[in-house]
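# Descriptive structure summary
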Amino acid sequence: MASTIDRSIIRDIALAPEGHLKIDWVNAHMPVLNRIREQFEKEQPFKGLKVAISLHLEAKTAYLAKVVRAGGAEVTICGSNPLSTQDDVCAALVEDGITVFAKYNPEPKEYKELFIKTLETEPDLIIDDGGDLVTILHSERKDLLKNVRGGAEETTTGILRLKSLEKDGQLQFPMVAVNDAFSKYLFDNRYGTGQSVWDGINRTTNLVVAGKTVVVVGYGWCGKGVAMRAKGLGANVIVTEIDAIKAVEAYMDGFAVMSMSEAAKVGDFFVTVTGNRDVIRGEHYKVMKDGAILSNAGHFDVEVNKPELEAMAVSVRTVRRNIEEYTLQDGRKFYILAEGRLVNLAAGDGHPAEIMDMTFALQAMSLKYVNENYKQIGQKVVNVPYELDEQVARFKLASLGIGIDTLTEEQKAYLDSWVEH
């Protein structure tokens, strides 16, 4: 049987030493996942199974892959975004016995082929990010569906695609909506995205945020985190929304709320977090200030409409790594970060290790859950069972040395009774 080095497609195996150091660092800061790894090593829940993973391929993801492998699985992994893959981490995983099909910034055709190579291992279980693996299985490679028992999805974008498949009666196996778990959206989406987006913007631009006007496009859990951290950095924050309830919430959280047409006139930094396309487009470029900086924290690079900006520009050049400058006919210059891709991963290291510790613990436990229950679940999208969600939170508290109260029997009886006490 060929070795993982022979089977894999990566940039350079010689980069592995630096990748090992990165993985070791996050390992030391992921106590919840470490606890689950100990359980998996004893229980071997994935013994004899093949698992395909598509996630942003950096150190924290690498450690999740190693945890799943510790549970007995044969693991194959690819990147879910061409600019978030770290070549040294890929090399380290290959040395650790995991097959990798991923490179930083491959050509579009090769990028697609890496997904297909991953699926051609004929996996039993899938961890997906953005729904790319599942979409390819259901559209182009239905011949590879036969072994798939189910899987888990990481993102809002992926869950939207899954629910569309389910609605059309096309979904062929159960998928767990990890993104909708409390321990995911309350912590990962809010605190993880909030910090990592600004890590990416700050390291890329080296510009001050204090005193600037930041426009946050979308006030879901990710948008809440981005707005909260912008406020903490001293920015004046504007939120744009299409949902009246979320708009009121943003207003009551202390942020200015207005339409994008108005916000476009005054913003210095723009961060899109909607999961939708063209939320910043031609009509907005016409009124933007000179020097506006545009970034995206949604899964796909469609939220900031680049073709319309390119059509309006008289010149485009790279002025700094991960910064493209677009000069318009009237001399105004706009800057797009990381090609409009996920700024926190394409121009940074993604969420902090302690945050992804909880999210990837949910992924690992959800994968075990779907493997044990796929026949009963059927061909649909399901939420993470609350018991698993709460267990991750309890493991987190234990790692922090924090104890919480429990109900007495009398309190339980009181809550369970409708009779006046």
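Residues numbered from 1 in each chain as written. Predicted model: local features only at pLDDT ≥ 70, side-chain atom pairs only at ≥ 80, totals over all residues. Heavy atoms only, no water.

- An unreviewed UniProt entry lists the protein chain under the name Adenosylhomocysteinase, with Paenibacillus tianmuensis as the source organism.
- Recorded in UniProt for the protein chain, the comment headed Catalytic activity (unreviewed entry) runs: "S-adenosyl-L-homocysteine + H2O = L-homocysteine + adenosine".
- What the UniProt record of the protein chain gives under Function (unreviewed entry) is the line "May play a key role in the regulation of the intracellular concentration of adenosylhomocysteine." (UniProt positions renumbered as here; feature names shortened; annotations may be inferred.)

### Some remarks on the packing of helix α9 (residues 182–205) against helix α16 (residues 353–377)
- Where α9 contacts α16, the two axes come as close as 9 Å, and the packing angle between them is 150°. At the point where α9 passes α16, the crossing takes the left-handed sense. The residues of α16 that touch α9, namely those facing Ser183, Lys184, Phe187, Asp188, Tyr191 and Gly192, are Ile355, Met356, Met358, Thr359 and Leu362.
- Tallied by class, the residues present in the contact of α9 with α16 amount to 6 nonpolar, 3 polar and 2 charged. (Axes fitted to C-alpha atoms, helices over the stretch in contact; angles between N-to-C directions. Helix = DSSP H or I, 4+ residues; strand = E, 2+ residues; numbered from the N terminus. Left-handed = near helix turned anticlockwise from the far one by under 90°. Contact = heavy atoms within 4.5 Å. Nonpolar A, V, L, I, M, F, W, Y, C, P; charged D, E, K, R; others polar.)

### Observations concerning the nonpolar core
- Grouped together as the largest cluster of nonpolar side chains are 56 residues, with contacts concentrated most on Ile36 and Val100.
- Per element, the largest residue contribution to this core is 11 residues, and it comes from α16.
- When neighbours within four sequence positions are excluded, Val100 is seen to be in contact with Ser8, Ile9, Ile10, Leu57, Ile77, Cys90, Leu93 and Val94.
- Counting 28 residues, the second-largest nonpolar core is a separate cluster that includes Leu83, Tyr219, Ala230 and Ala250. (Core = buried A, V, L, I, M, F, W, Y, C linked by side-chain atoms within 4.5 Å. Buried < 20%, exposed > 50% of the residue type's maximum accessible area, 1.4 Å probe, protein only.)

### Remarks on the domain arrangement of the protein chain
- Segmentation of the protein chain into domains returns domain 1 (4–186 + 351–400) and domain 2 (192–347).
- One C-alpha centre belongs to domain 1, the other to domain 2, and the line joining them spans 29 Å.
- Contacts between domain 1 and domain 2 engage 19 residues on the former and 16 residues on the latter.
- Counting the surface lost from both domain 1 and domain 2, the interface buries some 1,400 Å², and carbon and sulfur atoms represent 62% of this.
- Broken down residue by residue, the surface that domain 1 buries against domain 2 is led by Leu83, Thr157 and His351, which jointly contribute 36%.
- Taken together, the links from domain 1 to domain 2 amount to 4 residue pairs in polar contact (both at pLDDT 80 or more).
- For the side of domain 1 that touches domain 2, the secondary-structure elements that each account for two or more residues are α8 (156–167) and α9.
- Grouping the constituent residues of the side of domain 1 that touches domain 2 by class yields 7 nonpolar, 8 polar and 4 charged. (Domains from an automatic or database assignment. Buried area = accessible area lost by both parts, 1.4 Å probe. Polar contact = N/O pair within 3.5 Å; in protein donor to acceptor, adjacent residues only side chain to side chain.)

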